[in-house]
Each structure stands twice: as structure tokens, then as C-alpha cells.
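For reference, the chains in residue letters:
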Amino acid sequence: MSCEWHDKIFSIEQNGFEQLALEIFQFQSSTNPVYRAYINAIGIQTAGIDKIEKIPFLPISFFKTDQIKSGEFNEQAIFESSGTSGTGNSRHYIKELSIYNESFTRGFENMYGSISEWCILGLLPSYLERNNSSLVYMVDSLIKKSGHSQSGFYLYDLEKLNSTLLLLERSKQRTLLIGVTYALLDFAEQFRPGSDREPIQYLTIMETGGMKGRRKELTRMEVHEQLKKVFNKNEIHSEYGMTELLSQAYAKKEGRFQCPPWMKVMIRDEEDPFLVRGSEFRVQSNKAEAMSGAINIIDLANVYSCSFIATDDVGKLYPDRSFEVLGRMDSSDLRGCSLLTV
């Protein structure tokens, strides 16, 4: 069964996404007790689900209160969120790490080419200080796959990080610095690596979000503007991922994320959580308009947990299928979800 799903997920073509999503929905609605109870609680008949807009999306909060498993298995890993919101930690039970490995490897190479061409530096101090972070697992794997002698993690030795970046720049080595937002800002303020020298041509900076209570919350665009000035870069890249997902989206410019072929973003109405859109864009003045609302995600790599997740993020979905994250919903805005406990 796992090989069958694996091949279907990672060989997906755009015109086959809906059919595979419907197949996985039927599998999960019959084998995932929490998802099935949720579907029953909201009165959905699974036999009538014939398009992805009709698929029920599980509120992401269930990952904090229940074991979200499709089928019975002994997990190879449990990824756990940091729980900084004060509402508990999310846990993602992983049947097969090979699926996650395939997803983040292919997802990265779809956007950035072969990992072996990169030196990868991770600036993720708060994540490294706890166990079971899916982000640390991913970056550690990318570091190893890069095979570069300078690839590695940095905790608080920012001086060494600075000297390493300068060395890599002189050797014209393509380098990815992936870091949690507050740590990148700390590094930028301490060393201001691009402020008094030529642009760092071979460096790509990627923020993963997260102030973790260390700094005043800023919008992504405010963060990017600060980092662009300090690093003398035209663009700052971003990674969009979470404990509850096994796939990532990346933004190379303007904060607009692109999904891999097995992941899709849809938009739900902020007033009516069951009104989901994502295929048909309204046209005005001969131009398709972006959709705004709360973000729903279909992640087919989540085949053994739940592939259909209603997140707490708010954003825009554009006609080219790119999306932008504008912020998070307040708990008071999660209308309807509080009544759907199973």
C-alpha cells in the first residue's frame, strides 16, 4: 500500500491532482477515526464528495488534542511543535519517514535545483534546543545531502557564521542560509554583512518565520525589508511549512509562495469555515482577482495522517496558484470550529 501511495503522490501531474485527492480522502475518511468522527459531526456524506471543494478540512487544532492517524501503525517518528501559543503542542505521527524525506527533497530541488550544488547553513537556535522538530530534521537532512564540508548548524556562534559566509562568498559557492526570523535579525544587527561591502552575490537568505517571543512581531514584508537592507540583497526567500504538514512551499520574491505538485492551497471564508474556494477565480475588467480568506491546505504527502487541513493562517491565493500569508486568525475568528469537537 505504501509503495502504491508513494508512487502516485510523487509522480502527480496537475490534471491528476483532484482525482488522487479524492482517492486519498476516501482512504482517510474510512481509516482515520478522528477525521471520520469530525466528518460525521458536521453531517457530511462521503459518497457525495466528488470534487475537492467539497472535501471537509480538519481544523489544525485537532493535532494538539488527538492522534491523527490514517490506518493502524507504529510510528517511526513523532514531530512536535514548539507550543509557543500557550495552547499546547501539535504532534504529527509519522508512519514512514521515507515519505517526508522524498517530499522535502523533491520540493527543494523543484525550486532550487540539485542539493549537491549548495552549501547549507542552518540558523535555528530555538529549534535545535528541543527535540522532535520537523524543521530541524529537514534542514539536517539537506545539510547531509549537500555533501559540502562547510554545511552545518549554528547556535549562537554568530562570529563563526559571519566568517564562514565571507569565505563561501570568496569561493563563489552557492550558499543557503536558512534561519528562524529572530535569529536572522539578531545576526544582521550584530554583523551587518552587506552594509559596507559589495552585495553578497552567492548567498540566498531564507526565513522560516517565528519570533518566538524574542522580538516585536513584524509582518513578513517588514522583516524582508530589514534583511534586504542589511544583507544588500534584492530579495529574501521564505519557507512555509509546519509540524502538521510533510510538504513545504517556498517564496523566492514578493513573499508569494509556490507549492510542489502534490500540495495545493485553497481559501475558506472567514465567516463560514465550510465555504471553500480555490479553482474558480472571479474575473473583473478582464483580469482574474486574487482570493482572500483563511488558508486551507491539501498535502497529499500526509497520506497517513490527514491531507486536508484548515490552518489558522490568513492569506491570498492568486490565479497563478501562488499564495501569500498575511497573518494569523485570532481564536475569536475561528467561527464554527469550537462546536465541532469530536
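Scroll up to find the structure this text is about.
Let us look at the structure shown here. Because the structure is a prediction, the values reported are computed rather than measured. (Residues numbered from 1 in each chain as written. Predicted model: local features only at pLDDT ≥ 70, side-chain atom pairs only at ≥ 80, totals over all residues. Heavy atoms only, no water.)

Points about the environment of T175
Consideration 1: Mapped onto the elements, T175 comes out in strand β6 (residues 175-179).
Consideration 2: Sequence-wise, T175 and L203 are 28 residues apart; in three dimensions their C-alpha atoms are separated by 4.8 Å.
Consideration 3: Excluding anything up to four places from it in sequence, T175 contacts W118, C119, L121, L165, L168, Y202, L203 and T204.
Consideration 4: Among the polar contacts listed, one links the side chain of T175 to the backbone oxygen of Q173, at a separation of 3.0 Å. (Helix = DSSP H or I, 4+ residues; strand = E, 2+ residues; numbered from the N terminus. Contact = heavy atoms within 4.5 Å. Polar contact = N/O pair within 3.5 Å; in protein donor to acceptor, adjacent residues only side chain to side chain.)

As for empty space enclosed by the protein
Consideration 1: On inspection of all chains with the given rule, the structure shows 3 cavities of 30 Å³ or more.
Consideration 2: Roughly 60 Å³ of internal volume is contained in the largest cavity.
Consideration 3: H92, Y93, I94, K95, E96, I99, L246, A301, N302, V303, Y304 and S305 together form the lining of the largest cavity.
Consideration 4: If one sorts the elements of the lining of the largest cavity by residue count, strand β3 (residues 91-94) sits on top with 3 residues.
Consideration 5: Residues that form the lining of the largest cavity fall into these classes: 7 nonpolar, 3 polar and 2 charged. (1 Å grid on protein atoms, 1.4 Å probe; cavity = no way out; pocket = protein on both sides within 12 Å on 5 of 7 lines; lining within 4 Å. Points joined across faces, edges and corners; volume = space filled by probe spheres on them. Nonpolar A, V, L, I, M, F, W, Y, C, P; charged D, E, K, R; others polar.)

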